[in-house]
Structure formats: C-alpha cells, structure tokens
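Spelled out from the first residue to the last, the chains are:
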Amino acid sequence: MVMRKIGLIGGMSFESSLVYYRMVNEAVRERLGGLHSAEVLLHSVDFQSIVDLQKAGRWDEAASRLAAVARGLEAAGADCVLICTNTMHLIADKVQAAIDIPLLNIIDETAHRLKAGGSRKPLLLATRYTMEHGFYAERMRSHGIDIMVPDADGRALTHNVIFDELCAGKVLRSSRRALIDLIDKAEVQGADAVILGCTEICLTLDPRALPLPGFDSTAIHADAAVAFALGRQDFCRAA
C-alpha cells in the first residue's frame with residue numbers, strides 16, 4: 001500500500017508534539033504490524049514566539065506564521081496538515097486557505113467522536129483562549145454540541161496548569177486533583193462528558209479514569225491523521 005504523508009505543525013508545546021509522534025507511529029504499527037511506522041513530516045516552531053503573539057492578540061500574524069509552515073510542509077510532500085494544538089485552531093481556516101491539501105481540524109474530529117459517544121453537553125478543559133474566544137464553541141455548535149466551561153476561577157486555574165506546568169514538563173498531583181474537582185462540579189451542573197481540549201492535558205488526566213466519559217483531543221486528532229494516511233477518504237477542506 002502507498003501511505004499518505006502526515007504533516008505536523010508542532011512545538012506548541014513540544015511536550016504534546018512528542019505525544020502526537022508516538023501515538024501516530026504506534027497506531028500505524030498496530031494496524032499494519034511488523035515494524036511499520038508512519039510517514040511524517042514535522043515542523044516544530046519556537047513556542048515562545050507563538051505565545052508572545054497570543055498574549056498580544058496578534059492572531060493575524062500568528063496565522064501568517066503557521067500558514068507559511070503549512071505551505072512548507074505541503075511543498076515537502078505532506079498529503080495533509082495537522083495543527084498540533086487546540087488553541088491555534090482559532091486561525092485554522094486561514095491556514096487551510098493557504099494550502100491545497102486538507103487540514104484535519106481537531107474540533108471537527110473531536111465533535112465526531114463526541115456524537116458517536118452520545119454526548120451533547122461536554123465540559124471543555126482548555127486554555128483560556130480556547131474556552132473564551134468563541135471559535136471552539138461556535139464550531140462545536142455547528143455539530144449540534146453545546147459545550148460547558150468552568151467558571152472564571154476554574155478557567156484561570158486550567159489555563160495556568162497548562163502554561164505554567166504541563167507545557168514546562170511539570171505534572172503535579174495537586175493540579176490533577178484540582179482539574180478533577182472541576183469535572184465533578186460540571187457533572188453536578190449537567191455535563192455528560194469532558195473534553196481534554198488542550199493537547200497537554202492528557203499528560204495529567206487519563207480520559208479512562210475520570211468522573212465523566214473523557215475525550216482526549218490529542219488522541220482523537222492523532223487517530224484521524226492515521227485514518228487519513230491509511231486511506232480514509234471523507235476529509236474536506238475547512239470552510
């Protein structure tokens with residue numbers, strides 16, 4: 001068989017990019033056997049430069065930066081592109097518009113998995129950009145899913161755990177407990193699942209061991225990449 005090449009825009013942070021690389025290759029080996037591994041092209045950016053743009057609200061500049069990376073991956077032979085972070089899907093449509101190959105959208109893929117699991121009111125744990133800027137909730141609504149987010153204190157806590165700890169390679173038991181407390185609170189408020197909506201959260205939360213059914217966006221996105229590489233046809237360019 002001819003395997004399609006997966007283009008990864010990584011480094012945001014490199015902690016989660018490592019997880020993507022491992023998951024993609026493990027899935028290919030599991031499905032094809034032997035010593036098979038994925039055809040992967042990875043461009044890892046300097047995350048600090050992206051964080052600086054996020055903090056300054058310079059999203060158009062960030063979009064131009066990632067679009068250039070995506071064009072480079074396409075020119076190098078990638079058959080699809082993944083932005084290996086939920087937050088930067090705020091500008092995913094602009095990146096898709098810059099290339100002629102599919103961009104596999106992490107929000108769409110997560111929505112498909114939620115619907116298959118029967119969830120319609122999940123709690124989203126993510127960066128404050130993802131929880132507050134509206135792009136994530138709007139795209140989920142287009143799939144018939146209404147997300148919940150923690151209150152202001154819970155959003156601040158989650159954001160700080162991601163940036164101050166997980167992106168720096170720190171996994172603290174106290175922070176894991178605090179995140180689980182947020183899930184417990186959301187369950188009382190009517191949440192029927194929880195989205196690990198930052199690609200680093202899987203470093204501290206096991207989606208199989210939570211008070212609510214867990215949907216790990218990193219694993220879902222990586223699985224979508226493997227499905228595409230091995231022949232899945234139903235991918236469309238983002239609107």
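Above this text you will find the structure in question.
Calculation notes
Residues numbered from 1 in each chain as written. Predicted model: local features only at pLDDT ≥ 70, side-chain atom pairs only at ≥ 80, totals over all residues. Heavy atoms only, no water. Phe/Tyr/Trp six-rings, centres within 6.5 Å; stacked < 30°, edge-to-face > 60°. Helix = DSSP H or I, 4+ residues; strand = E, 2+ residues; numbered from the N terminus. Buried < 20%, exposed > 50% of the residue type's maximum accessible area, 1.4 Å probe, protein only. Lys NZ or Arg CZ within 6 Å of the ring centre and 35° of its normal. Pairing = 2+ DSSP bridges. Axes fitted to C-alpha atoms, helices over the stretch in contact; angles between N-to-C directions. Contact = heavy atoms within 4.5 Å. Salt bridge = Lys/Arg side-chain N within 4 Å of Asp/Glu carboxyl O. Parallel < 35°, antiparallel > 145°, perpendicular 65-115°, else oblique. Nonpolar A, V, L, I, M, F, W, Y, C, P; charged D, E, K, R; others polar. Core = buried A, V, L, I, M, F, W, Y, C linked by side-chain atoms within 4.5 Å.

Trainee: Before we go on, may I ask you to explain the packing of aromatic side chains in this structure?
Mentor: Two aromatic rings, taken as a pair, are described by how far apart their centres are and by the angle between their planes. A complete count under the given rule lists four aromatic pairs for this structure. Aromatic pair Phe47 and Phe163: ring centres 6.2 Å apart, planes at 15°, arrangement stacked. With Phe47 in helix H2 (residues 47-56) and Phe163 in helix H8 (residues 152-165), this residue pair connects regions lying 116 residues apart in the sequence. Residue classification places Phe47 among the buried residues on the basis of a relative accessible area of 17%. Ring plane angle 75° and centroid distance 5.5 Å describe the contact between Trp59 and Tyr129, whose orientation is recorded as edge-to-face. With Trp59 in helix H3 (residues 59-75) and Tyr129 in helix H6 (residues 128-132), this pair connects stretches of sequence that are 70 residues apart. Neither residue differs from the other here; Trp59 and Tyr129 are each classed as buried. Across from the ring centre of Phe228, 4.2 Å away, lies the NZ or CZ of Arg4, which sits over that ring.

Trainee: Help me out: how do you make sense of the sheet that holds strand S3 (residues 80-83) in this one?
Mentor: Strand pairing in a sheet relies on backbone hydrogen bonds. The paired strands run either parallel or antiparallel. The strand order S2-S1-S3 describes an open sheet built from three strands, whose pairing is parallel. Looking at the sheet topology across the chains shown, the edges are occupied by strand S2 (40-44) and S3. The sheet shows a mean angle of 20° between the axes of neighbouring strands, taken without regard to direction. Sheet topology note: the strand S1 (residues 6-10)/S2 ladder contains five bridges and is parallel. When the sheet's bridge partners are listed, Gly10 is paired in S2 with Ser44. Across the face of the sheet, H3 comes into contact with S1, S2 and S3 while running at roughly 155° to S1. Packing against the sheet, helix H10 (residues 217-229) makes contact with S1 and S3, and its axis sits at approximately 175° to S3.

Trainee: Would you mind showing me how to read the pattern of salt bridges here?
Mentor: Pairs can form between side chains of opposite charge whenever their charged atoms are close. Following the criterion strictly, the structure yields 12 salt bridges and no others. Among the ionic pairs, Arg139 bridges to Asp108, the shortest N-O distance being 2.8 Å. Taken together, the residues Arg139 in helix H7 (residues 135-141) and Asp108 in helix H5 (residues 106-116) connect sequence positions 31 residues apart. By the burial criterion, Arg139 is buried, and Asp108 matches it.

Trainee: Explain the packing of H2 against H3 to me, please; I cannot follow it from the model alone.
Mentor: Between two packed helices, both the angle of their axes relative to each other and the distance between the axes serve to describe the pair. Where H2 contacts H3, the two axes come as close as 8 Å, and the packing angle between them is 150°. It follows that H2 is roughly antiparallel to H3 by the angle criterion. Across from Ser49, Ile50, Leu53 and Gln54 in H2, the residues of H3 making contact are Trp59, Glu61, Ala62, Arg65 and Leu66. In terms of residue class, the contact of H2 with H3 is built from five nonpolar, two polar and two charged.

Trainee: Honestly, the nonpolar core in this entry has me stumped. Any pointers?
Mentor: For soluble globular proteins, the rule of thumb is that nonpolar side chains tend to be buried together. Judged by nonpolar contacts, the single largest core of 45 residues is most densely connected at Ile9, Met12, Leu66, Ile83, Met88 and Leu205. Among the elements that make up this core, the one with the highest residue count is H3 (seven residues). Look past the residues within four positions of Met88 in its chain and what remains in contact with it is Met12, Ile50, Gln54, Trp59, Ala62, Leu66 and Ile83. Residues Val28, Cys80, Ile145 and Ile195 belong to the second largest nonpolar core, which totals 36 residues.

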